Amino acid sequence: GNSVTQMEGPVTLSEEAFLTINCTYTATGYPSLFWYVQYPGEGLQLLLKATKADDKGSNKGFEATYRKETTSFHLEKGSVQVSDSAVYFCALRGRGTGNQFYFGTGTSLTVIP
Amino acid sequence: DSGVTQTPKHLITATGQRVTLRCSPRSGDLSVYWYQQSLDQGLQFLIQYYNGEERAKGNILERFSAQQFPDLHSELNLSSLELGDSALYFCASSVAGGQGEYEQYFGPGTRLTVT
């Protein structure tokens, strides 16, 4: 079946530090992969996505590369800001009937000045 | 603003009661998804509707039901409420329910508190 495993938080970093949040997946076929971000008190927003192997999604300085060989989609940012403090969710969408989304458990990131 | 609206924003009710949560998808989106987010369970997929028909079912309790109306808005009905049903309920919408490259757009959520 389909599932997403995300590194557990919480993660606390100093401003300008390098960020990696690990995400691995299990899926039948070739899923699309997503990172969503949830700021305090808000709904989830799409951060970036990749729809096939070796694709790199990027947005707002965040990047993630779809690695089929390691079934991973790790989120990275070279220099985090206080405004990046949020909960980050890795997700996959399978192919076929329903195309249900599967979300990881979320990783809370706090960036301190 | 994602374009997905949810009402009410907050709901406080007692155990044993029944509530209805409402969601209006983005203009043009045919699929609606419902999720429950609680501290201990994370984000749980409940159910998906596509153009009025149930498309996929997740971890939805029998006490919960949903429907999508001809104007594509959706309602999630929660009955015989228990303390453990207290959570944030999110609705999301997307263009399609079948093949195709698309993402989900989330509403702001309804915070349900059962006392």
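Conventions adopted
- Residues numbered from 1 in each chain as written.
- Chains lettered and ligands numbered in written order.
- Predicted model: local features only at pLDDT ≥ 70, side-chain atom pairs only at ≥ 80, totals over all residues.
- Heavy atoms only, no water.
- Disulfide = S-S within 2.5 Å.
- Helix = DSSP H or I, 4+ residues; strand = E, 2+ residues; numbered from the N terminus.
- Pairing = 2+ DSSP bridges.
- Axes fitted to C-alpha atoms, helices over the stretch in contact; angles between N-to-C directions.
- Core = buried A, V, L, I, M, F, W, Y, C linked by side-chain atoms within 4.5 Å.
- Buried < 20%, exposed > 50% of the residue type's maximum accessible area, 1.4 Å probe, protein only.

Attention shifts here to the state of the cysteines. Residues and elements named next belong to chain A. The final tally for this structure, using the stated rule, is two disulfides over all chains. Each sulfur in the disulfide pair cysteine 23 and cysteine 90 lies 1.9 Å from the other. Its S-S torsion of about -70 degrees marks the bond between cysteine 23 and cysteine 90 as left-handed, since a negative value means left-handed. Remark: cysteine 90 occurs in strand 10 (residues 86–93) and cysteine 23 occurs in strand 4 (residues 23–26); sequence separation between them is 67 residues.

We now examine the sheet that holds strand 9 (residues 75–77) of chain A. Sheet strands pair via backbone hydrogen bonds, and the direction of the pair is either parallel or antiparallel. Residue and element names in this part refer to chain A. Pairing within the open sheet is antiparallel, and its four strands lie in the order 3-9-8-7. The open sheet is flanked by strand 3 (19–21) and strand 7 (56–59), the only strands paired with a single partner. Neighbour-to-neighbour, the strand axes of the sheet open up by a mean angle of 15 degrees, direction not taken into account. Pairing geometry for strand 7 and strand 8 (residues 62–65), over four bridges, is antiparallel.

Grouped together as the largest cluster of nonpolar side chains are 26 residues, with contacts concentrated most on Trp35, Leu47, Leu48, Phe73, Leu75 and Tyr88 of chain A. Elements represented by at least two residues in this core include exactly strand 2 (11–14), strand 3, strand 4, strand 5 (32–38), strand 6 (44–50), strand 8, strand 10 and strand 12 (107–112) of chain A. Broken down by element, this core gets its largest block of residues, four residues, from strand 10 of chain A. The next biggest cluster of nonpolar side chains, apart from the first, holds 21 residues, and it includes Leu11, Ala66, Leu76 and Ala87 of chain B.

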